[in-house]
Amino acid sequence: MSGDLEAHIPSRPTWRCAACGAAWPCSPAKLRLLAEYKGSMAALMVYLVTLREEAAAQLAELDSGPRPVSLHRRFTDWVPVRPPK
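Everything in this summary refers to the structure shown in the same document.

Calculation criteria
Residues numbered from 1 in each chain as written. Predicted model: local features only at pLDDT ≥ 70, side-chain atom pairs only at ≥ 80, totals over all residues. Heavy atoms only, no water. Helix = DSSP H or I, 4+ residues; strand = E, 2+ residues; numbered from the N terminus. Contact = heavy atoms within 4.5 Å. Polar contact = N/O pair within 3.5 Å; in protein donor to acceptor, adjacent residues only side chain to side chain. Phe/Tyr/Trp six-rings, centres within 6.5 Å; stacked < 30°, edge-to-face > 60°. Buried < 20%, exposed > 50% of the residue type's maximum accessible area, 1.4 Å probe, protein only. Salt bridge = Lys/Arg side-chain N within 4 Å of Asp/Glu carboxyl O. Core = buried A, V, L, I, M, F, W, Y, C linked by side-chain atoms within 4.5 Å.

### Quick notes on the environment of Trp 78
Within the secondary structure layout, Trp 78 lies in the segment after helix 4 (68-75). Discounting residues that sit within four places of it in the chain, Trp 78 has contacts with Pro 25, Lys 30, Leu 33, Leu 34, Leu 44, Leu 48 and Arg 73. Polar side-chain contacts of Trp 78 include one of 3.2 Å to the backbone oxygen of Arg 74.

### Comments concerning the packing of aromatic side chains
Using the criterion set out here, one finds four aromatic pairs in the structure. With a centroid separation of 5.8 Å and an interplanar angle of 65 degrees, the aromatic rings of Trp 15 and Phe 75 are classed as edge-to-face. Taken together, the residues span a long stretch of sequence, with Trp 15 in the loop between strand 1 (10-11) and strand 2 (16-17) and Phe 75 in helix 4 at a distance of 60 residues. Take Trp 15 and Phe 75: they sit in the same class, and that class is buried. Through successive ring pairs, a cluster of aromatic residues spans Trp 15, Trp 24 and Phe 75.

### Looking at the pattern of salt bridges
Opposite charge on two side chains makes pairing possible when the charged atoms of those side chains draw close. One pass over the structure, following the stated rule, counts three salt bridges. The partner of Glu 54 in a salt bridge is Arg 12, with the nearest N and O atoms 2.6 Å apart. Of this pair, Glu 54 sits in helix 3 (residues 41-62) while Arg 12 sits in the loop between strand 1 and strand 2, placing them 42 residues apart in sequence. According to the relative accessible area criterion, Glu 54 is partly exposed, its value standing at 29%. Here Glu 53 and Arg 52 are joined by a salt bridge, their closest N and O atoms 3.2 Å apart.

### Brief notes about the nonpolar core
Formed by 16 residues in total, the largest nonpolar core has its most connected members in Trp 15, Trp 24, Leu 44 and Phe 75. Those elements that place two or more of their residues in this core are helix 2 (27-36), helix 3 and helix 4. Counting residues per element, this core draws most heavily on helix 3, at six residues. For Trp 24, the contacting residues outside a window of four places in its chain are His 8, Ile 9, Pro 10, Trp 15, Arg 16, Cys 17, Ala 29, Arg 32, Leu 33, Leu 51, Arg 74 and Phe 75.

### Considering the side chain of Gln 58
Its place among the elements puts Gln 58 in helix 3. Reaching out from Gln 58, the side chain makes a polar contact with the side chain of Trp 15 at a distance of 2.7 Å. Ignoring anything within four residues of it in the chain, the contact list for Gln 58 reads Arg 12, Pro 13 and Trp 15.

Read these as layout, nothing more, since geometry by itself doesn't imply function.
If you want it as structure tokens, here you go:
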């Protein structure tokens, strides 16, 4: 895995990417996660839902977080439901 992609990790409690400053998961982080969890989208979803809940709590404490609906879109809506054939 490229070191560049590994740098795209969440910076807590703001949940911005430590490398590019975009809302995490940013595009490079999504690519890395899809590669890491290639054999198990279900495991990726469990991981992302866990992080989404952590982000929701931390962003609420900052009182500047996005609404839960946007966190759902941001953290999990991009994960493919079925693996490519």
